[in-house]
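# Inside the fold
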Amino acid sequence: MPYYAEDFGREREIRAPRPRMPMGILVVIATVFIVILTLASMLHTIPVGHCGIVVRFGEVRNTFASGLHVTAPLIDNVIRMDLRVRKVTVSGASAASKDMQDVKMDVAVNYRLQPEAAARVYSSVGTDYDNIVVAPSIQESVKAVTATYSAEQLITMRVDVSRAMETRLSDKLAKYGIVIDALNIVNFDFSPEFTAAIEQKQAAQQLAEKAKRDLERIKTEAQQKVVQAQAEADALRIQRMDITPDLLRLREIEANMKAIDKWNGQLPSVVSNAIPFIDIKK
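Residues numbered from 1 in each chain as written. Predicted model: local features only at pLDDT ≥ 70, side-chain atom pairs only at ≥ 80, totals over all residues. Heavy atoms only, no water.

## Remarks on the nonpolar core
- Counting residues in each nonpolar core, the largest one holds 41 residues, and the members touching the most others are Met105, Val109, Leu113 and Ile138.
- Here methionine 105 is in contact with Val90, Ser91, Gly92, Ala93, Val142, Thr146, Met165, Ile185, Asn187 and Phe188, once residues within four sequence places are set aside. (Core = buried A, V, L, I, M, F, W, Y, C linked by side-chain atoms within 4.5 Å. Buried < 20%, exposed > 50% of the residue type's maximum accessible area, 1.4 Å probe, protein only. Contact = heavy atoms within 4.5 Å.)

The following block contains the structure:
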């Protein structure tokens with residue numbers, strides 16, 4: 001196939017390099033991008049209920065409250081710490097009572113980190129302080145307090161047990177700047193044998209209370225009958241003391257009056273007291 005000069009010129013035209021972007025524009029774009037990154041690294045927003053721990057080259061330098069803050073670009077890092085009330089639940093915490101009964105309980109604790117202690121907690125514990133510090137302290141407090149109460153007292157004195165656990169836990173976490181707002185014992189779980197014994201004891205107590213109430217009722221009814229009989233006897237005694245001939249005559253007149261009220265207007269033909277009556281029919 002013959003190759004002409006026109007084709008060669010056309011090929012050179014096709015292979016000609018495209019015009020490139022001027023270097024100045026690239027520098028401007030890169031500079032703007034770097035400025036945006038720098039400003040973004042300088043501005044930090046701390047939401048409400050949090051604080052910011054300023055860390056520079058691995059060292060805690062400052063603590064920020066909630067709001068907008070400016071830090072040194074590219075060298076400062078801000079760690080958020082939650083200061084709101086948090087909740088941790090320990091399920092199946094095992095312990096032994098004073099009378100050596102095995103107890104498992106579910107405990108829920110509401111707590112919060114004090115702002116002035118946030119930097120210290122971050123330096124010594126980190127952000128996962130609820131699992132590193134709070135949960136083990138709950139376990140220890142549960143075991144220590146449970147050992148001072150019998151199994152029955154754990155049930156009947158539940159409020160006192162909860163307060164004792166809260167006091168002990170507050171003392172343990174105070175050094176970390178963690179405040180306990182509430183500790184609640186959600187559930188007790190004893191061995192099946194002890195649970196059956198408790199149920200039997202409660203049934204026996206209920207029967208004893210019923211028997212006691214029945215005895216009190218019987219005594220009351222008996223006393224009421226005695227009082228009623230005494231009153232009737234006193235009334236009869238008073239009546240006997242007050243009987244006189246005039247009273248007997250009055251009672252006789254009252255009886256005759258009642259008989260007259262009941263009379264139907266017909267005279268009897270024969271009277272049992274042998275007083276003769278005229279037989280009107282004859």
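## Some details on unusual backbone geometry
- One non-glycine residue with positive phi stands out, namely phenylalanine 57, at about 55°.
- With relative accessibility at 70%, the residue phenylalanine 57 sits in the exposed group.
- Positive phi, close to 65°, is recorded for methionine 100, a residue that is not glycine.

## What about the confidence of the model for the chain?
- With 76% of its residues at a pLDDT of 70 or more, the chain has an overall mean of 79.
- Across the chain, helix H6 (residues 158-173) holds the top mean pLDDT of 94, while helix H1 (residues 5-14) sits lowest at 52.
- Residue range residues 273-282 is modelled with pLDDT below 50. Its contacts to residues more than four positions away, or to other chains, number 5 contacts. (pLDDT = per-residue confidence, 0-100. Helix = DSSP H or I, 4+ residues; strand = E, 2+ residues; numbered from the N terminus.)

## A word on the environment of proline 136
- Relative to the helices and strands, proline 136 resides in helix H4 (residues 129-146).
- Residue proline 136 is classed as partly exposed on the basis of its relative accessible area of 41%.
- Considered as a pair, proline 136 and valine 90 are 46 residues apart in the sequence and their alpha carbons are 9.3 Å apart.

## A word on the sheet that holds strand S7 (residues 102-113)
- Strand order across the open sheet formed by 3 strands is S6-S7-S8, with antiparallel pairing between neighbours. At either margin of the open sheet sits one strand with a lone partner, and together these are strand S6 (86-96) and strand S8 (178-190). Recorded for the sheet is a direction-independent mean angle of 20° between the axes of neighbouring strands.
- Inspection of the sheet shows S6 paired to S7 by 9 bridges, in the antiparallel sense. Across the sheet, the residue bridging to threonine 89 is alanine 108, located in S7.
- Strand contacts of H4: S6, S7 and S8, with the helix running at about 40° to S6, the strand carrying the most contacts.
- Sitting on the sheet, H6 is in contact with S7 and S8, with an inclination near 140° to S8. (Pairing = 2+ DSSP bridges. Axes fitted to C-alpha atoms, helices over the stretch in contact; angles between N-to-C directions.)

## Quick look at the pattern of salt bridges
- In the structure shown here, the tally under the stated rule is 8 salt bridges.
- Where aspartate 130 meets arginine 86, a salt bridge forms, and the shortest distance between an N and an O atom there is 3.0 Å. Of the two residues, aspartate 130 sits in helix H4 while arginine 86 sits in strand S6, which places them 44 residues apart along the sequence.
- The class for arginine 86 is partly exposed, based on a relative accessible area of 22%.
- Bridged by salt links that share partners, the residues Asp82, Arg84, Arg86 and Asp130 form one connected network. (Salt bridge = Lys/Arg side-chain N within 4 Å of Asp/Glu carboxyl O.)

## Focus: a nonpolar patch on the surface
- A cluster of nonpolar side chains, Met23, Leu26 and Val27, forms an exposed patch at the surface whose accessible area comes to about 300 Å².
- Looking at where leucine 26 falls in the secondary structure, it is placed in helix H2 (residues 23-42). (Patch = residues over 30% accessible without salt bridge, like charges linked within 9 Å, V, L, I, M, F, W, Y side chains within 5 Å. Areas by Shrake-Rupley, 256 points an atom, 1.4 Å probe, with all protein chains shown as cover.)

## Focus: the packing of aromatic side chains
- In this structure the tally under the stated criterion is 1 aromatic pair.
- Ring centres of phenylalanine 188 and phenylalanine 190 lie 5.9 Å apart, and the angle between their planes is 25°; on these two criteria the pair is classed as stacked. Note on accessibility: phenylalanine 188 and phenylalanine 190 belong to one class, buried. (Phe/Tyr/Trp six-rings, centres within 6.5 Å; stacked < 30°, edge-to-face > 60°.)

## Describing the sheet that holds strand S5 (residues 76-82)
- Ordered in space as S3-S2-S5, the 3 strands form an open sheet in which the pairing is antiparallel. The outermost strands of the open sheet, each flanked by one partner alone, are strand S3 (59-64) and S5. Neighbour-to-neighbour, the strand axes of the sheet open up by a mean angle of 30°, direction not taken into account.
- Across 7 bridges, the pairing between strand S2 (residues 50-56) and S5 is antiparallel. Opposite valine 55, over in S5, you have asparagine 77 as the bridge partner.

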